[in-house]
Structure formats: structure tokens, C-alpha cells
Amino acid sequence: MTAARLTIKELTEAVGGNCTPRMVRHYHQLGILPPPERSRSNYRLYTQENVQQLRRIVALKQQGFQLSHIRELLKSDAAIEVKNLTHQLQQQYHSVMQQMARLRQTATALEGLIGRDRSCQNLQAEAIAQLRLLEVESQDGLGQLEQLWENWDAATHAHPEEFQESLQQLLPDLSNRSEIEIDLLSKLVLACGDVSLVNFIRVGKGAIAAARHALTQGCEIVGDVAPVVAACDRTRLSHLGCPVTTLIADPHVSSVVEAEQAFWHQSQWQEQLQQLPPGCIFVVGYAPSVLIAACDAIAKGHFQPALIIGMPIGFSHAPAAKRRLMRSGIPYITVEGTMGGGLLAAVALNALVESTIEKPDCHCYLGK
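Residues numbered from 1 in each chain as written. Predicted model: local features only at pLDDT ≥ 70, side-chain atom pairs only at ≥ 80, totals over all residues. Heavy atoms only, no water.

Novice: Can you help me understand the overall build of the protein chain in this one?
Specialist: Counting its secondary structure elements, the protein chain contains 17 helices and eight strands. Within the protein chain, buried positions represent 39% of all 368 residues. Considering only contacts in the protein chain between residues 6 or more positions apart, those separated by 24 or more positions represent 66%. Total accessible area on the protein chain stands at roughly 20900 Å², and carbon and sulfur atoms take up 52% of it. (Helix = DSSP H or I, 4+ residues; strand = E, 2+ residues; numbered from the N terminus. Buried < 20%, exposed > 50% of the residue type's maximum accessible area, 1.4 Å probe, protein only. Contact = heavy atoms within 4.5 Å. Areas by Shrake-Rupley, 256 points an atom, 1.4 Å probe, with all protein chains shown as cover.)

Novice: Can you walk me through the sheet that holds strand 7 (residues 307-310) in this structure?
Specialist: Each strand in a sheet pairs with another by means of backbone hydrogen bonds, the pair being arranged parallel or else antiparallel. As summarised here, the arrangement of the six strands in space is 3-8-7-6-4-5, forming an open sheet in which the pairing is mixed. At either end of the open sheet lies a strand with only one pairing partner, and these are strand 3 (201-203) and strand 5 (244-248). Between one strand axis and the next, the sheet turns by 15° as a mean value, whatever way the strands run. Note that strand 4 (residues 221-225) and strand 5 share four bridges and pair parallel. Residue pairing for strand 5: Val225 is matched across the bridge by Ile248. Along the sheet face, helix 10 (residues 207-216) touches strand 3, strand 4, strand 6 (281-284), strand 7 and strand 8 (332-335) and points at about 115° away from the line of strand 6. (Pairing = 2+ DSSP bridges. Axes fitted to C-alpha atoms, helices over the stretch in contact; angles between N-to-C directions.)

Novice: Even after reading the chapter, I still don't get the nonpolar core, so can you show me in this structure?
Specialist: Nonpolar side chains tend toward joint burial in soluble globular proteins. Judged by nonpolar contacts, the single largest core of 73 residues is most densely connected at Leu215, Ile221, Leu273 and Phe282. Broken down by element, this core gets its largest block of residues, eight residues, from helix 17 (residues 342-358). In this structure, Leu215 is in contact with Ile221, Leu237, Leu240, Cys242, Ile281, Leu352, Val353 and Thr356, ignoring residues within four places of it in sequence. (Core = buried A, V, L, I, M, F, W, Y, C linked by side-chain atoms within 4.5 Å.)

Novice: Looking at this structure, I do not really get the packing of helix 8 (residues 163-170) against helix 9 (residues 179-192). What am I missing?
Specialist: Helix-helix packing is characterised by the crossing angle of the two axes and by the distance between the axes. Contact pair helix 8 / helix 9: the axes reach a minimum separation of 11 Å and the direction vectors enclose 105°. Overall, the two elements helix 8 and helix 9 adopt an arrangement that is roughly perpendicular. Contact with helix 8, carried on its side by Phe163, Gln164 and Leu167, involves Ser186, Val189 and Leu190 of helix 9 and no other residues of that element. Across the contact of helix 8 with helix 9, the residue classes break down as four nonpolar, two polar and no charged. (Parallel < 35°, antiparallel > 145°, perpendicular 65-115°, else oblique. Nonpolar A, V, L, I, M, F, W, Y, C, P; charged D, E, K, R; others polar.)

Novice: Any chance you could explain unusual backbone geometry here in plain terms?
Specialist: Backbone geometry follows two general trends: most residues other than glycine have a negative phi, and most peptide bonds adopt the trans configuration. Despite not being glycine, Asn42 has its phi angle at roughly 70°, a positive value. The topology assignment puts Asn42 in the loop between strand 1 (37-38) and strand 2 (44-45).

Novice: Teacher, can you tell me more about the pairing of strand 7 here?
Specialist: Side-chain positions along a regular strand alternate between the two faces of the sheet. Alternating positions in strand 7 separate into two faces, Leu307 and Ile309 on one and Ile308 and Gly310 on the other, with burial throughout. Taking the sense of rotation as the criterion, the β-α-β connection linking strand 6, helix 15 (residues 288-299) and strand 7 turns out right-handed. As paired strands, strand 7 and strand 8 are joined by three bridges and run parallel to one another. Note that in strand 8 the partner of Ile308 across the bridge is Tyr332. (Right-handed = clockwise from strand over helix to strand, strands pointing away.)

Novice: For this particular structure, what's the right way to read the environment of Ser238?
Specialist: For Ser238, the location among the structural elements is in helix 12 (residues 234-240). Separated by 20 residues in the primary sequence, Ser238 and Gly218 have C-alpha atoms spaced 8.9 Å apart.

Novice: Sorry, what's going on with a nonpolar patch on the surface here?
Specialist: A cluster of nonpolar residues, Tyr93, Met97 and Met100, forms a patch on the protein surface that exposes about 310 Å² of accessible area. Within the fold, Tyr93 resides in helix 5 (residues 82-114). Owing to a relative accessible area of 49%, Tyr93 belongs among the partly exposed residues under this scheme. (Patch = residues over 30% accessible without salt bridge, like charges linked within 9 Å, V, L, I, M, F, W, Y side chains within 5 Å. Salt bridge = Lys/Arg side-chain N within 4 Å of Asp/Glu carboxyl O.)

Novice: Whenever I open this one, helix 8 confuses me. Can you help?
Specialist: Side chains that are three or four residues apart share a direction in an α-helix, a result of its 3.6 residues per turn. Residues Glu165, Ser166 and Leu167 constitute the buried set of helix 8. Where helix 8 is buried, its residues meet helix 9.

Novice: Which parts of the structure should I look at to understand the pattern of salt bridges?
Specialist: It is possible for side chains bearing opposite charge to pair when their charged atoms get close. Per the counting criterion, the structure on display carries eight salt bridges. A salt bridge links Glu354 to Lys187; the shortest N-O distance between them is 3.9 Å. Taken together, the residues Glu354 in helix 17 and Lys187 in helix 9 connect sequence positions 167 residues apart. By relative accessible area, which is 25% here, Glu354 ends up partly exposed. If you follow the salt bridges from partner to partner, you end up with Asp183, Lys187 and Glu354 in one network.

Novice: What should I look at first to understand the side chain of Thr12 in this one?
Specialist: Mapped onto the fold, Thr12 is located in helix 1 (residues 8-15). Among the residues examined, Thr12 registers a relative accessible area of 7% and is labelled buried. At 2.8 Å, the side chain of Thr12 forms a polar contact with the backbone oxygen of Lys9. (Polar contact = N/O pair within 3.5 Å; in protein donor to acceptor, adjacent residues only side chain to side chain.)

Functional significance is not addressed by these values, which are geometric in nature.
Encoded structure:
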């Protein structure tokens, strides 16, 4: 019996993910999807295999892969060697990074113009007028642009920067976030100087409530390494009665590489993680393996923290560890992808600690 064939509309409905017939036809033109069968009336007909192929394309596209990347990834092993594919992907990666660098440069220029506080805005109209007249196609033009920045930057010497004014103009719409969460996001942006970070910060459901409850109960704060603990606000934590300890308590471990190797090769730190007290706040800013082990311990019922602030750095393990954290069922605060670091992890904790003390009666975060 011949399996039922799907029309292009039925194909897109089966795949979902906002996929449209127009997109499918485009994928055919690019060679990402194989040519479909045709009915006697010349309508495109699809099989369940085509459904799976299209689902893979949609999934890869949602992960951020460009269509040119997807086409190479979906080629059969017989058509392209893994070594050659890796080389092509490396070239594509470098191209993407160059585009990101150019976009970041553009964003920085826009931030320098839009993000000026009130005391600097008297030059804004003049700056925009000069930009409209500027020709930057030649090296002389680039020199003119540098001169413009020098003129505009002159106003910065007269007063300290008003960070909140700048953030109000640069941050995306956060009206659906609570006051406490907006404060947290703002402090993280100011800690790294990258407004785009907001798009990658993930605050788990109930995370702020869990953190505030644990802090008011004098919970233990555990950092993965000494540099993270050193950046914690000891004064405010002492006020709350929260002791601070270090998981990898080795004074010689001061880098991400050392932290990862120490935890991986020295079983004492893995054993100590299993013994961390329930209800603690665990702050991971360096080693992705620490966060992976914490998620394993949670899954086995050996570790039950009140909150995990998981922001380790890494290019393969860290993103995977963060995804596991978000599926763990434990309240969390993290930064998706490779971004993170000890400073950001400590800043997140410190923001929660400060808001707990300064705004003890604020309940704006409930239900968020």
C-alpha cells in the first residue's frame, strides 16, 4: 500500500514552527530540500521523510544557522567528507564573526550617540546633522569621523556619567519584567558594558522569590572558585547572616582553565559538591564541569539548592551545562551560550542581595 502523500500546505502544518509554503519553495530553489514528487495535476507531493527533513531544517534555522550552513550540514556523508565540512564551517564561522564584529561596531557607535545622558544631549542634534553630511568613502572621510567623535566626546569631561539615563534609552522594552528583575538585568549590563546581554539572560520561574526567601533565612552562599567568592558582597551578606564558602578551595586555582582541570581531576571537589547543604545558593562563574556535576547531583537527589546562578565560561561544555540547568527544575539565573564569567555571576548574586535588603517589602516579582 502506498503511503499517503502530503500537499505543501499539509507538509508545513505537520512541521509547524511558522513554516510556510513559500519557505518550502525557497528551500527547493536553494537545494536544501530535494525536488518533490508531482501529481498528475503538477501539484507538489511530500512524504513523511520530507516532513523529517523539513523539521531538521527548521530546527537548525531556529538555532541560528544560516541556510548556506544548513545546506552543507544536511549533505550526506558520501557527498562531503567530515574534514572538508569542518573546514567549510570554520570559514563560515569566521565570516559570521566578522559580520558580528561589524554589527557590534555599529551598535557601539549608536550607543555612543543614543546613550548620552541629558548633560551630553545638547550636542546630539549637531552630531546627527554632521553625520548626515559626512562622506566616509575615503580615508580622509574616516579621519573626519574620528574628529567628530573627539568633538562630541568633549562633553564627557564635565560630569560623571548618568548610567541610568543611558540605560533607559538603550535597553529594550522590559515592561513585562518586575522591578527587581529589571534592576538585576541593568546591573549585569553595566558589569560587562554589553546591552545585547539582556537578550541572553534567563531568569527561571520563581528564581527571584526563591533567592529572596533563602537570603532572608541566612542561607549559605557557595561559589565555585575563590575569585567568584571574592567578588561577592560580604558586607551585605553578613548583614543577612549568610556565610560564604568556596567549593574548589585551592588558592592556586585562579583561572577558568585551572578550575576546570582541578574539578575534573581531583575527586575531593566532586565529593564536596555532593555534601553541599540543602537550601544554599550555588554560584558558578568559572568551570562548566562544576555546573554539569551539580545538575547530575540534583537529578540523583543528592543536591537541593535554593537557587543556582550558573554562568560558567566555555565553548561546548558551558552552553550544554546551562541547558541542563534550565531543565533541572531548580530555580536558576543564567546566560545562554558561551557568555558568562565570575564577575557576572557575582554581580547577579549581589544585585539580589542588595534588593532583598533595600526593598524587603517589594513583591513585584511574584507571579513573574
